[in-house]
Amino acid sequence: MPTEIKQLWAQYVAKPDRELLRVYADALVEGGDPRGTFLNLCLVDEPTPAQVAATQTMMAKQKKLLAGPGGAYLREFELGPDGLVTRARTEAKQVIAGIAELPTLSPRLVLTITSIKTLKDAVAFGQISLAPIYFVDFGWITGTHGGMNLSDKQLVAVAPALAGVRHLQLSARGGPDKCFSPDGLRALGPRLEALRYLSIDFYSVGLAAPEQYARAVADTFPQTLRAFDLGGLPLPGRPDVKTGTGLLDGWRPAPEVEQAFDQGRELADQLDAALA
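Residues numbered from 1 in each chain as written. Predicted model: local features only at pLDDT ≥ 70, side-chain atom pairs only at ≥ 80, totals over all residues. Heavy atoms only, no water.

S.K.: Quick question: what am I supposed to make of the overall build of the protein chain here?
M.R.: Within the protein chain one finds 10 helices and 8 strands. For 276 residues, the compact-globule formula gives about 19 Å, and the C-alpha radius of gyration of the protein chain, at 19 Å, lands near that figure. Taken along its principal axes, the extent of the C-alpha atoms in the protein chain is 55 × 35 × 30 Å. Within the span of the protein chain, comprising 276 residues, buried residues form 50% of the whole. When contacts within the protein chain are restricted to residue pairs at least 6 apart in sequence, those whose partners lie at least 24 apart make up 62%. Carbon and sulfur atoms form 54% of the exposed surface of the protein chain, whose accessible area is close to 12400 Å². Once the 28 positive and 31 negative side-chain charges of the protein chain are each reduced to a mean point, those two points are 4 Å apart. (Helix = DSSP H or I, 4+ residues; strand = E, 2+ residues; numbered from the N terminus. Rg over C-alpha atoms; globule rule 2.2 N^0.38 Å. Buried < 20%, exposed > 50% of the residue type's maximum accessible area, 1.4 Å probe, protein only. Contact = heavy atoms within 4.5 Å. Areas by Shrake-Rupley, 256 points an atom, 1.4 Å probe, with all protein chains shown as cover. Lys, Arg positive; Asp, Glu negative; His and termini not counted. Charge placed at Lys NZ, Arg CZ, Asp CG, Glu CD.)

S.K.: When you look at unusual backbone geometry in this model, what are you seeing that I'm missing?
M.R.: Peptide bonds are mostly trans, and most non-glycine residues show a negative phi. The backbone of Ser-115 shows a phi angle near 70 degrees, a positive value even though the residue is not glycine. With respect to the helices, strands and loops of the structure, Ser-115 is situated in the loop between strand S3 (110–114) and helix H6 (119–125).

S.K.: Looking at this model, I keep getting lost on the packing of aromatic side chains. Mind explaining?
M.R.: The geometry of two aromatic rings is summed up by the distance between their centres and the angle between their planes. Applying the stated criterion to the full structure yields 6 aromatic pairs. When the ring of Trp-9 is compared with that of Tyr-24, the centres are 5.1 Å apart and the planes differ by 50 degrees; the resulting orientation is tilted. Within this pair, whereas Trp-9 is found in helix H1 (residues 3–14), its partner Tyr-24 is found in helix H2 (residues 18–30), the two being separated by 15 residues in sequence. Note on Trp-9: relative accessible area 6%, which makes it buried. Exposure remark for Tyr-24: the relative accessible area of 1% places this residue in the buried category. Between Phe-135 and Tyr-197, the aromatic rings sit 6.0 Å apart at their centres with planes inclined by 50 degrees, giving tilted as the arrangement. Remark: Tyr-197 occurs in strand S6 (residues 197–203) and Phe-135 occurs in strand S4 (residues 135–137); sequence separation between them is 62 residues. Given a relative accessible area of 0%, Tyr-197 falls into the buried group. Among the aromatic residues, those joined into a cluster by ring pairs are Trp-9, Tyr-12 and Tyr-24. The ring of Phe-77 has Lys-63 lying over it, and the distance from NZ or CZ to the ring centre is 4.9 Å. Over the face of the ring belonging to Tyr-134 we find Arg-108, whose NZ or CZ atom lies 6.0 Å from the ring centre. (Phe/Tyr/Trp six-rings, centres within 6.5 Å; stacked < 30°, edge-to-face > 60°. Lys NZ or Arg CZ within 6 Å of the ring centre and 35° of its normal.)

Structure follows, in structure tokens:
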């Protein structure tokens, strides 16, 4: 990516603004990148039928290309109304390979990560930084049941990658031999120095009581934490932290990335509103 375009993208990331995105799109057009034309079409305030048709044609024929260089590392993704990737799903090894490019997809990317299967996988994953990713999801998005289990050892191993992450969802399901314990959360908490939002998708028999997970979060997670979602449980001694299942009001989780929108509102929009 040419230096000028990188600089424009950095300005947009620092202050996401529709006009800045238009300037970025124009620079892409000048550089011969078809993403520029696509972004400009998406950013038209009142598109004509011809412009709508052109946008749809590009999405049908060039969707992977329109995501930008980071698109090569995605298994599934959805383009938002501004033309940028809003939600995506991919394997941990692809995140490792594409960590330099994935942040260029969107400053508000919701990234679902799968396939950390062994401690070796977790150690390798822990060597990258996911700080530029808006929302890191191991649980297939708030309110769903599934996601990827991480044991205590795996959770500790991936912790360095999560150090600057602001919004995180973990999956707690299965037996204690497969899923992290409250002690695992206690080890993780102090590493999450920038965390604002934590969701734990708890759907298990045989694990510690969910109240013990909430206590671990209350005791060890940073003061930056502003909202917590585990079945509506409060955080003992942390009245400053919003809790409850309605934090993302109106969000209806969908198992497929293609169904990423609820009544035209992006997950990032709802999360920002909940934390305002």
